[in-house]
Amino acid sequence: MQSMEAGSQGDLDAFDRHVGADGKVEPQDWMPAAYAKTLVRQISQHAHSEIIGMQPEGNWISRAPSLRRKVILMAKVQDEAGHGLYLYSAAETLGVSRDELEQQLLDGTAKYSSIFNYPTLTWADVGAIGWLVDGAAIVNQIPICRCSYGPYARAMVRICKEESFHQRQGFELMMALSKGTDAQKRMAQDALNRWWWPSVMMFGPPDGESVHSMQNMAWRIKLFSNDELRQKFIDMTVKQAEALGLTIPDPDLRFDEASGHWQVGEIDWDEFWSVVKGHGPCNRQRLAHRRDAHEAGAWVREAAVAFAAKERARSARKAA
Ligand code: 3HC
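A. Fine view of the overall build of the protein chain. Of the regular secondary structure elements, the protein chain holds 13 helices and two strands. In summary, the protein chain has a C-alpha radius of gyration of 22 Å against a globular reference of 20 Å for 320 residues, a match within 12%. Burial status across the protein chain gives 48% buried among its 320 residues. Pairs at least 24 apart in sequence give 79% of the contacts found in the protein chain among residues at least 6 apart. As presented, the protein chain carries roughly 15800 Å² of accessible surface, and 58% of it is formed by carbon and sulfur atoms. One way to put it: in the protein chain the 37 positive side-chain charges average out to a point 7 Å from where the 41 negative ones average out.

In structure tokens, the structure reads:
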């Protein structure tokens, strides 16, 4: 990729015109260092989210109520691992190594999405995550398929196709429960009660507190603001909850005829920032689990490095 030497004002103006006209930026193109920096920030957090996001649902693979549900859930959790790898690869095109990003996560200095710091208490949580969290992810990620950075946009195209399956299987699971026994319907409602607000918060802070939105929208990394995407998710999901026969846990929820949108009650931004800062219900558990998994996988990395060294030595002997 091209070095990040500081460009002239002309370079910066030309770059802004290019991305402003919906042009794509490729790894070998000149780009402002700040553009690369915010992309590494966002893409690495996105990748970390996919990897940590495997844990809440992974807890339920061994306890799925049927072979069919187990197979679906295994496929979904495996997909999330793949999404993480795509995204780490996209970040590497900006000159940062996967090891460096992984170490930041293991050290606890990297952010990942707040949503994954909540516990999965019942089987219905698996449905609520697919329906709400992957549903929110689709709303947030579809625009990124058109973002200005080529490798990120292209990674998103494949990821969004798989997210659609994730959302559909979650909604179908919630439909089965909400149309099932009274106990199953109560379990589905309880999961909605616990996952609704964290999903609404997942889109990030309100636009007035978003430090990156202004610049990232100018650079077309972000095509819509946090609140715009949040509103799109709310409008879509309220109707889906009605179809499920479930109640959105918000007594202040009302349809605003003038705007044509659903208005929600107060969002608890103190809770959001507390979770982002590491004080959520599962932050410590998620990182501890990630560190253990990294430790347990050391032998695989060592074996791969030893094998690669042996292969290099063998090819060198052959070439001599
Ligand atoms: N969780 C944790 N941190 C968050 C957050 C959240 N939900 N929302 C915002 N933040 C952080 C930002 O990272 C930023 O902190 P930083 O300066 O230390 O990086 C700060 O809060 C201010 O927020 P901004 O709105 O200014 O930040 P962004 O412009 O980056 O917007 C975002 C936040 C909308 C999440 C944006 O980063 C984004 O679109 N990221 C790509 C999508 C993504 O990462 N989704 C996460 C979930 S992945 C997923 O759902 C997988 C699926 O399979 C389930």
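B. Representation of the pattern of salt bridges. Taken as a whole and assessed by the stated rule, the structure comprises 15 salt bridges. With a shortest N-O distance of 2.7 Å, Lys76 and Glu80 are connected by a salt bridge. Here Lys76 and its partner Glu80 are both found in helix 4 (residues 67-92), four residues apart, which amounts to about one turn of the helix. An identical accessibility class is assigned to Lys76 and Glu80; each is buried. Bridged by salt links that share partners, the residues Glu57, Lys76, Glu80 and Asp134 form one connected network.

C. Expanded view of the site of the ligand. In the vicinity of the ligand, 31 residues are found, and the nearest of them are Gln45, Lys111, Glu163, Ser210 and His212. Here Glu80 contributes a side-chain N or O atom positioned 2.8 Å from an oxygen atom of the ligand. Between an oxygen atom of the ligand and a side-chain N or O atom of Lys222, the distance comes to 2.9 Å. Within the complex, the protein chains bury 91% of what would otherwise be the 1000 Å² of accessible surface of the ligand. Breaking the shell around the ligand down by element, the ones donating at least two residues are helix 2 (33-52), helix 6 (124-141), helix 7 (150-178) and helix 11 (269-279). Sorting elements by how many residues they give to the shell around the ligand places helix 2 first, with six residues. Residue composition of the shell around the ligand, grouped by class: 13 nonpolar, 11 polar and seven charged.

D. The nonpolar core, seen in detail. Tyr35, Ile43, Tyr149, Tyr152, Trp195, Trp196 and Phe233 are the most contacted members of the largest nonpolar core, which totals 78 residues. Each residue touching Trp195, except ones within four places of it in the same chain, is listed here: Ile115, Tyr118, Pro119, Thr120, Asp125, Ala128, Ile129, Leu132 and Val133.

E. Structural detail: the packing of helix 4 against helix 7. Following both chains from N to C, one finds helix 4 and helix 7 inclined at 160 degrees, their axes separated by 10 Å at the closest point. Classified by the angle their axes make, helix 4 and helix 7 are roughly antiparallel. As helix 4 packs across helix 7, the resulting crossing turns out to be left-handed. Residues that form the contact of helix 4 with helix 7 fall into these classes: 13 nonpolar, three polar and nine charged.

F. Main features of the packing of helix 2 against helix 5 (residues 98-107). Orientation of helix 2 relative to helix 5, taken along the N-to-C sense of each, is 65 degrees, at an axis distance of 11 Å. Handedness of the helix 2/helix 5 crossing: right-handed. Contact with helix 2, carried on its side by Val40, Ser44, His48 and Ile52, involves Leu101, Glu102 and Leu105 of helix 5 and no other residues of that element. Of the residues belonging to the contact of helix 2 with helix 5, the class tally is four nonpolar, two polar and one charged.

G. Structural detail: the layout of surface pockets. Estimates place the volume of the second largest pocket at around 480 Å³. What lines the second largest pocket is a set of 20 residues, among which Ile51, Glu102, Arg290, Ala293 and His294 lie closest to the centre. Mapped by element, the contributors of at least two residues to the lining of the second largest pocket are helix 3 (54-58), helix 4, helix 5, helix 12 (283-296) and helix 13 (298-319). Residue classes in the lining of the second largest pocket are distributed as nine nonpolar, six polar and five charged.

H. Representation of helix 7 within the structure. The first and last C-alpha atoms of helix 7 sit 42 Å apart over 29 residues, in line with the 42 Å expected at 1.5 Å per residue. Maximal helix bending in helix 7 amounts to about 25 degrees, located at Val157.

I. Region of the structure containing helix 6. The terminal C-alpha atoms of helix 6, which comprises 18 residues, lie 24 Å apart, in line with the 26 Å expected from a rise of 1.5 Å per residue. Of all bends in helix 6, the biggest is about 25 degrees, found at Gly130.

Cut-off values and rules
Residues numbered from 1 in each chain as written. Predicted model: local features only at pLDDT ≥ 70, side-chain atom pairs only at ≥ 80, totals over all residues. Heavy atoms only, no water. Helix = DSSP H or I, 4+ residues; strand = E, 2+ residues; numbered from the N terminus. Rg over C-alpha atoms; globule rule 2.2 N^0.38 Å. Buried < 20%, exposed > 50% of the residue type's maximum accessible area, 1.4 Å probe, protein only. Contact = heavy atoms within 4.5 Å. Areas by Shrake-Rupley, 256 points an atom, 1.4 Å probe, with all protein chains shown as cover. Lys, Arg positive; Asp, Glu negative; His and termini not counted. Charge placed at Lys NZ, Arg CZ, Asp CG, Glu CD. Salt bridge = Lys/Arg side-chain N within 4 Å of Asp/Glu carboxyl O. Near = heavy atom within 4 Å. Polar contact = N/O pair within 3.5 Å; in protein donor to acceptor, adjacent residues only side chain to side chain. Nonpolar A, V, L, I, M, F, W, Y, C, P; charged D, E, K, R; others polar. Core = buried A, V, L, I, M, F, W, Y, C linked by side-chain atoms within 4.5 Å. Axes fitted to C-alpha atoms, helices over the stretch in contact; angles between N-to-C directions. Parallel < 35°, antiparallel > 145°, perpendicular 65-115°, else oblique. Left-handed = near helix turned anticlockwise from the far one by under 90°. 1 Å grid on protein atoms, 1.4 Å probe; cavity = no way out; pocket = protein on both sides within 12 Å on 5 of 7 lines; lining within 4 Å. Points joined across faces, edges and corners; volume = space filled by probe spheres on them. Expected span 1.5 Å × (residues − 1). Bend = angle between axes of the 7 residues up to and from the residue.

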